[in-house]
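# Residue-level structural notes
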Amino acid sequence: MVEDLANYALAIRRHALKMTSLGGSSHIGSIFSIADILAVLYGKVLKVRPDDPKWPMRDRFILSKGHAGAGVYAALAERGFFPTERLKTHYQDNSVLSGHVSHKGIPGVEFSTGSLGHGLSVACGMALAGRLEKRSNRVFVVMSDGECDEGSNWEAVMFAAHHKLDNLVAIIDYNKLQSIRSTTETLNLEPFADKWRSFGWSVEEVDGHDYQSLTMVLENNNSSDTKPRCVIAHTTKGKGVSFMENNVLWHYRSPQGEEYQTALSELGVVKK
Amino acid sequence: MRDAFLKTITTLAEQDPNVILLTADLGFGVFEEFEQKFPGQYFNVGVAEQNMTGLATGLALEGKKLITYSIGNFPTLRCLEQIRNDACYHEANITIVASGGGFSYGALGMSHHATEDLSILRSLPGITVVAPGTAWEAAQATWQLVQENKVGYLRIDKTSADDKKGSLGGEFKLGRARRIIEGSDCTIICTGGILAEAVKAAELAKEKGVSCRVVSHHTVKPADVDEILDAAKNTGGIVTVEEHNVIGGIGSVVAEVCLDNGILPGKFKRLGLEDTYSSVVGSQKFLRSYYGMDAESILDAVCSS
């Protein structure tokens, strides 16, 4: 299983690298940061049907950090929601595969984002609807750490706890680097887990690149309490390519030329 | 108007369990009965308009019919990006309701004056923008907006023109203006409860021998092109009236429609707030007079050449 997920994550990273290189686009560091989380979600956890993307009982997934959209497109294409060939159009003229994740014309994308601090509220709405309809599906949302600076999230955090939305899982990509400096230097989030706990959430911390731990935490649906769940995934921005790791430059820089080639070879080859 | 709105959503909620009302902690003494009757269809989300709008979108995308409610600028400008990116872009079925249009809360100060909402909201693709002129129109608009299966904005004024069961201007249809009074010398086109002042102005004009048509252009977007062009072609001119900045509101709508169609009205005057915030407070009646949009001011505009 771990091998399959590693292979899936590698495929996502390779696609994303190619897409951001071809499109001359940013955010490869942010995508690499969540590639393993996406692999575990789409490869193991999410109940979705690529041949029936609107299946009513599906688990809902929202990427609230929309700038890592290329990662989701890649994950969806690899999972069979649409041909991987389409990924080439990302960021190109007349393409619907925008830099920030968009749902229009792209099977499998639940919700469009790009402005931070929107996804969690919408996820709350979907979770509340699921409960009103007595559905057993879950709602997952991936947020960035810097995104938690947005006050709107904390409105949603309070709402979810107050209404005991235990079918909601917020995964925080805690790579500790936001768009200029570290989260500590920018607007300190710590004590981060305690913040969520004090707001009434059940919090688990996990290595965001460890497939087994991620799977265990995310697959677990036997909540003993009625709290919404926050999974703080400790991650490395740029994970998988040595010179991109923990380097804020790769929030912006598009991999080109020699850098692109080196990155590609560092990632390795997907096993068929 | 608010009572008409409340009565309508009560009927809607009774008929359709998918109708859900969210309020951002406003509506004391208003929603208690609704909450009691429809416990799974009412949520007070707290003073959190951004979350209310995102939440509404999530629910709407799951097949619910949402109404978000607050007062003044809170359900609109406070969460404008949620309305744009979440609600409108995803074509969610949400009716955003602001109680207290224009100077409804005149004495509370500029934070509570909703005087740019129509302009700002109508610039969002995919939204219907309505400011009813009468309580009956408010009830009709509520019904139609909730059934419309898209994003709508309903601006509810504290005062309104008198109109028993639509006796004045015929049927109500979103996007179709209602001709309240027939006339030929000039047309007063207005939006919102300030229709009452327009009706009064037309009556005063009549005493002076000036025949005034009065149009309740309740749906700011989409505009009723036919009615506006008819006024431009077949009456002496147009005066627009709104409790709103003159920039971007109904006056702008009328000007856009006329010029887009190459029709110039005999005369044209926009009454409203002249691109300013009011730091002066007072009753709605006082502020209408202070800012030159009461019946006397409208009469002056109608009678001046």
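What you see is a predicted model; the values in this text were computed from it and never measured.

Rules of the game
Residues numbered from 1 in each chain as written. Chains lettered and ligands numbered in written order. Predicted model: local features only at pLDDT ≥ 70, side-chain atom pairs only at ≥ 80, totals over all residues. Heavy atoms only, no water. Helix = DSSP H or I, 4+ residues; strand = E, 2+ residues; numbered from the N terminus. Domains from an automatic or database assignment. Contact = heavy atoms within 4.5 Å. Buried area = accessible area lost by both parts, 1.4 Å probe. Salt bridge = Lys/Arg side-chain N within 4 Å of Asp/Glu carboxyl O. Polar contact = N/O pair within 3.5 Å; in protein donor to acceptor, adjacent residues only side chain to side chain. Buried < 20%, exposed > 50% of the residue type's maximum accessible area, 1.4 Å probe, protein only. Phe/Tyr/Trp six-rings, centres within 6.5 Å; stacked < 30°, edge-to-face > 60°. Lys NZ or Arg CZ within 6 Å of the ring centre and 35° of its normal. Pairing = 2+ DSSP bridges. Axes fitted to C-alpha atoms, helices over the stretch in contact; angles between N-to-C directions.

In this section: the environment of Thr-134 of chain B. Assignment of secondary structure puts Thr-134 of chain B in the loop between strand E5 (127-130) and helix H6 (135-147). Sequence-wise, Thr-134 of chain B and Asp-157 of chain B are 23 residues apart; in three dimensions their C-alpha atoms are separated by 8.8 Å.

Where interface size is given, it is often the accessible area lost as the parts come together that is meant. Residues and elements named next belong to chain B. For chain B, the domain assignment lists domain 1 (2-156) and domain 2 (164-303). Averaged C-alpha coordinates put domain 1 and domain 2 at centres separated by 25 Å. Contact with domain 1, which involves 35 residues of that partner, is made by 38 residues of domain 2. Taking both sides of the interface into account, the surface hidden between domain 1 and domain 2 amounts to around 2700 Å²; carbon and sulfur atoms contribute 60%. It is Phe-103, Arg-122 and Trp-136 that lose the most area in domain 1 upon contact with domain 2, and together they represent 29% of the buried surface on that side. One salt bridge in this structure joins Arg-122 and Glu-256, with 2.7 Å as the shortest N-O distance. At the surface where domain 1 touches domain 2, the tally comes to 21 residue pairs in polar contact (both at pLDDT 80 or more). Among the elements that take part in the side of domain 1 that touches domain 2, H6 stands out by supplying six residues, more than any other.

Here we come to the interface of chain A and chain B. In this assembly, 24 residues from chain A lie in contact with 24 residues from chain B. Summed over both partners, the interface of chain A with chain B buries about 2000 Å², with 58% contributed by carbon and sulfur atoms. Summed over the shared surface of chain A and chain B, the result is four salt bridges. Among the salt bridges present, the one from Arg-135 of chain A reaches Glu-62 of chain B, with a minimum N-O distance of 2.7 Å. Connecting chain A to chain B are 14 residue pairs in polar contact (both at pLDDT 80 or more). Listing elements by their share of the side of chain A that touches chain B, those giving two or more residues are helix H4 (119-132) and helix H5 (151-162) of chain A. Broken down by element, the residue count for the side of chain A that touches chain B peaks at eight residues, all from H4 of chain A.

Before going further, it helps to spend a moment on the environment of Arg-288 of chain B. Residue and element names in this part refer to chain B. Looking at the element boundaries, Arg-288 is found in helix H10 (residues 284-290). Relative accessible area serves as the criterion here: at 4%, Arg-288 is assigned to the buried category. Sequence-wise, Arg-288 and Leu-273 are 15 residues apart; in three dimensions their C-alpha atoms are separated by 9.3 Å. Excluding residues within four positions of it along the chain, Arg-288 makes contact with Thr-159, Gly-193, Ile-194, Glu-197, Glu-243, Met-293 and Asp-294. Here Glu-243 takes part through its side chain, which lies 2.4 Å from a polar atom of the side chain of Arg-288.

Next up on the list: the packing of aromatic side chains. For the coordinates displayed, the defined rule picks out 17 aromatic pairs over all chains. Between Phe-103 of chain B and Tyr-291 of chain B, the aromatic rings sit 5.7 Å apart at their centres with planes inclined by 25 degrees, giving stacked as the arrangement. One end of the pair, Phe-103 of chain B, is in the loop between strand E4 (94-99) and helix H5 (117-122); the other, Tyr-291 of chain B, is in the loop between H10 and helix H11 (295-303), with 188 residues separating them in the sequence. Note on accessibility: Phe-103 of chain B and Tyr-291 of chain B belong to one class, buried. Seen in terms of ring centroids, Trp-136 of chain B and Phe-172 of chain B are 6.4 Å apart; in terms of plane orientation they differ by 85 degrees. Their pairing is edge-to-face. Of this pair, Trp-136 of chain B sits in helix H6 while Phe-172 of chain B sits in the loop between strand E6 (151-156) and strand E7 (178-181), and the two are 36 residues apart along the sequence. Overall, Trp-136 of chain B belongs to the buried group, its relative accessible area being 18%. The rings of Trp-154, Tyr-174, Phe-192, Trp-196, Phe-199 and Trp-201 of chain A are connected pair by pair, giving a single aromatic cluster. Directly above the aromatic system of Phe-82 of chain A lies the positively charged group of Arg-86 of chain A, at a separation of 5.3 Å from the ring centroid.

So, on to the sheet that holds strand E1 (residues 60-63) of chain A. Residues and elements named next belong to chain A. Ordered in space as E1-E2-E3-E5-E4, the five strands form an open sheet in which the pairing is parallel. Each having just a single partner strand, E1 and strand E4 (202-207) make up the two edges of the open sheet. Across the sheet, the mean angle separating the axes of adjacent strands is 20 degrees when strand polarity is ignored. Across four bridges, the pairing between E1 and strand E2 (residues 139-144) is parallel. Among the inter-strand pairings, Leu-63 is bridged to a residue of E2, identified as Val-142.

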